[in-house]
Amino acid sequence: MLELCEANAVDGHLRGGGSGWVPSIFAKVQEEGVRAFFTTNNYIEFSQLRKMDVNKPADYLERTFPDGVSLATTYISSSLVQQLELNVEEALSSAGWCDVMALPVLPPSCGADDASRLLEIVRSSLQDHGAQVLPDTTCVFTEDFLRACEDSLVEFAKAKAREMPTESTGQPAPSKQTDSVDSDEDWDDGPKGKKGRKGKRSGKKTLTQEDTEPQGRGKKGKVSKGKQVAQAAMTHSGSSIKSKVQAARAEAEALREAELAGKLIELHPELEDVGDGEAVSLLVEQLRPSAVHAFKEARQAIFSAGAEERKKVRDAALNMLDDQMNELEMAVKGLSLFEESTAVTFEKHLLRTVAVEVVDLFLRLQDEQLSPSILTCSKALSNAERREAASQLPKEAAEAISTVLQSLKEVANARELVESLRAAAFDSGMRIKALD
């Protein structure tokens, strides 16, 4: 056969190292068939050429149609690339985005890899028209569309920031106990004129000196004031760190990716099924940093707007505490001017009125964020609320505040209450003005 071909005795050529002979008529018909299909459709699949007995289809097509583009499964003409570019631009001008995989001009044999390859070819042209390809997808978005989505998520983030609570009530949370349960903690006249509690307590543990006495402080020794201040500062620092962690956690919960994705789908329902939702997830991943930044700025603005007001409230409340504490101390010092029986009666009156107001105001001041209602609140805290507020104080103040609460319950030892309250204030980092 080789000799016949070399002598031009037969019209054809050998292939495969001389193992096969292809008649010229077959090669002609083959080439005409490929040209006809490619010219008509502007593309042809490699699998189709293999069926036509074309070896190395990509090389064959590159030789036959040098201006075409070879993809993973298909060979397309340069005119089809231009049509694709025009289709993308038209879709972008009307909707602001498009998925190349959904365009009718794309050959049905093209997969996501082929579409991505085509987008790479036309990327520079798209960028000139203010559009960009979403990474790892076959989607193209205009800058205006992305900016509109970003603005929507930013506004959503700001709204979430406004919804989050910024201030506490300035006092401990109300007790969930019923009136019948609270009644056993109220004071009532007992026999022989002594004040006591109605009924007996059961199943609850009250604060005692043994329970609340911190380590390092015994009856015979005292912690230096410098060390007390340092310990109080460390306690408040730990509380501040915990608050920041909780705030960061709340921020993360407020702007979850799933929630932002839901917002985008609400604005553009047609995006929901693109790439089985992968396009929305990637879009959120790209836009979320702006939303988080806006959220934090809004939170900071809200906090800053109320910071001056909170400072004024705290300063006013501290001045009120100074005045009330001085009135209580003067009244306690004046007890020595009365006869014993009168002094006892007056002391109990002080412990039920002025002392209660001073202690409750001190406990309410432990809240880092105060409400203006602290300046006008006249309702006394219940014993349960006082214990709850006292539990938020630094450990160094536990012994002193326990003595204060015990004095209120027993309606006795006003002088000890005043001294312990000053100690509790010092241990918690608060300074009460000394009596002149």
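Provided above is the structure to which this section pertains.
Report follows, based on the coordinates.

The next subject is the sheet that holds strand 3 (residues 43-45). Pairing is antiparallel in the open sheet, where three strands are placed in the order 3-5-4. The sheet is open, and its two edges are formed by strand 3 and strand 4 (69-70), each paired on a single side. Two elements, strand 3 and strand 5 (residues 74-76), share three bridges in a ladder whose sense is antiparallel. Counterpart to tyrosine 43 in the pairing with strand 5 is isoleucine 76.

Enumeration according to the criterion identifies six aromatic pairs in this entry. With a centroid separation of 5.9 Å and an interplanar angle of 20°, the aromatic rings of tryptophan 97 and phenylalanine 141 are classed as stacked. Separated by 44 residues along the polypeptide, tryptophan 97 in strand 6 (residues 97-99) and phenylalanine 141 in strand 8 (residues 139-142) bring together distant segments of the chain. Considered together, tryptophan 97 and phenylalanine 141 belong to a single accessibility category, that of buried residues.

Looking now at the environment of alanine 294. In this fold, alanine 294 is placed in helix 12 (residues 278-333). Residue alanine 294 is classed as buried on the basis of its relative accessible area of 8%. Separated by 133 residues in sequence, alanine 294 and alanine 161 have C-alpha atoms that sit 8.9 Å apart. Look past the residues within four positions of alanine 294 in its chain and what remains in contact with it is Val154 and Lys158.

Conventions used here
Per-chain numbering applies: the sequence of each chain, read as written, is numbered from 1 onward. For this predicted model, a pLDDT threshold of at least 70 governs which residues receive local features, and a threshold of 80 or more governs which side-chain atom pairs are given and counted, while totals over whole chains, interfaces and linings are taken from all residues. Computation of side-chain values covers all heavy atoms of the structure but excludes hydrogens and water. Pairing between strands requires that DSSP locate at least two bridges from one strand to the other. Each helix corresponds to a stretch of at least 4 residues labelled H or I by DSSP, and each strand to a stretch of at least 2 residues labelled E; elements are numbered beginning at the N terminus. Working definition: a ring pair exists when centres of Phe, Tyr or Trp rings (six-membered ring for Trp) sit within 6.5 Å. Plane angles under 30 degrees give stacked, over 60 give edge-to-face, the rest tilted. Each residue's exposure class comes from its accessible area (1.4 Å probe, protein chains only) as a fraction of the maximum for that residue type: buried when under 20%, exposed when over 50%, partly exposed otherwise. In this description, contact between two residues means that some pair of their heavy atoms is separated by no more than 4.5 Å.

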